[in-house]
Amino acid sequence: AMTTILLAEDESAIAQSLLFVLRGEGYDVEHVLLGGEVLPRVRRGGVDVVILDVGLPDRNGFDVCRDLRAISDVPVIFLTSKDTEIDEALGLAMGADDYIGKPFSHGC
């Protein structure tokens, strides 16, 4: 079965490039703009990985991850523009599985 990724990212340029790259790699990607949409979608099932922007407009990504951990072991990857080790340590302590700094580059 295809791997389903839930992307929570409100910056459209970043979201579009991630969607393009991930779908090109053969992943099924669903995109939400708000942290509040993540838990209800994960609860419905079928999400294999969550890519979570730390700076969502409605909720801090760390808070979303903490709530997510109460209901699911789904792997979480944080996206952040604050490329600091403090953020990374906090994110990993919150149960994130990995961490991607923005802006990121990928080969064309």
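Check the entry above for the structure.
Residues numbered from 1 in each chain as written. Predicted model: local features only at pLDDT ≥ 70, side-chain atom pairs only at ≥ 80, totals over all residues. Heavy atoms only, no water.

Visitor: Explain helix α3 (residues 61-71) to me, using residue names and the numbers behind them.
Guide: Buried residues of α3: Gly61, Phe62, Val64, Cys65 and Leu68, and no others. Within α3, the buried residues cover an arc of 155 degrees as seen down the axis, which keeps them to one side. The backbone nitrogen of Phe62 has a side-chain oxygen 2.6 Å away, supplied by the residue at the start of α3, namely Asn60. (Buried < 20%, exposed > 50% of the residue type's maximum accessible area, 1.4 Å probe, protein only. Helix = DSSP H or I, 4+ residues; strand = E, 2+ residues; numbered from the N terminus. Arc of directions from axis to C-beta. Polar contact = N/O pair within 3.5 Å; in protein donor to acceptor, adjacent residues only side chain to side chain.)

Visitor: I'd like a rundown of the environment of Asp48, residues and numbers included.
Guide: Within the secondary structure, Asp48 is located in the loop between α2 (38-44) and β3 (49-53). Taking the relative accessible area as the measure of exposure, Asp48 reaches 36% and is therefore partly exposed. The sequence separation of Asp48 and Met2 amounts to 46 residues, and the corresponding C-alpha distance is 9.4 Å. Aside from chain neighbours lying at most four places away, what touches Asp48 is Met2, Thr3, Thr4, Val74 and Pro75. There is a polar contact of 2.7 Å between the side chain of Asp48 and the backbone nitrogen of Thr4. (Contact = heavy atoms within 4.5 Å.)

Visitor: Describe the packing of aromatic side chains, with residues and values.
Guide: The relation between two aromatic rings is expressed through the spacing of the ring centres and the mutual angle of the planes. One pass over the full model with this rule turns up one aromatic pair. Centroid distance Phe62 to Phe78: 4.8 Å. Interplanar angle 75 degrees. Geometry classified as edge-to-face. Residue Phe62 is found in helix α3, and its partner Phe78 is found in strand β4 (residues 76-80); the two are separated by 16 residues along the sequence. (Phe/Tyr/Trp six-rings, centres within 6.5 Å; stacked < 30°, edge-to-face > 60°.)

Visitor: So what's going on with the side chain of Thr4? Residues and values would help.
Guide: Among the structural elements, Thr4 can be located in strand β1 (residues 4-8). Classification of Thr4 as buried rests on a relative accessible area of 9%. Residues in contact with Thr4, not counting those within four places in the same chain, are Asp28, Glu30, Gly46, Val47, Asp48 and Val49.

Visitor: Provide a residue-level description of helix α1 (residues 12-24), including the pertinent values.
Guide: One turn of an α-helix holds 3.6 residues; hence residues three or four places apart share an orientation. If you check α1, its first and last C-alpha atoms are 18 Å apart, about what 13 residues at 1.5 Å a residue would give, namely 18 Å. Within the sequence span of α1, burial applies to Ile14, Ala15, Leu18, Leu19 and Leu22. Seen from one end, α1 has its buried residues packed into an arc of 130 degrees, which puts them on one side. For α1, the exposed residues set more than 90 degrees away from the buried face come down to Ser12, Ala13, Phe20 and Gly24. Of the surrounding elements, those touching the buried residues of α1 are β1, β2 (28-32), β3 and β4. Looking one or two places after α1, you find Gly26, whose phi comes out positive at around 95 degrees. (Expected span 1.5 Å × (residues − 1).)

None of the figures reported here should be taken as evidence of function without further support.
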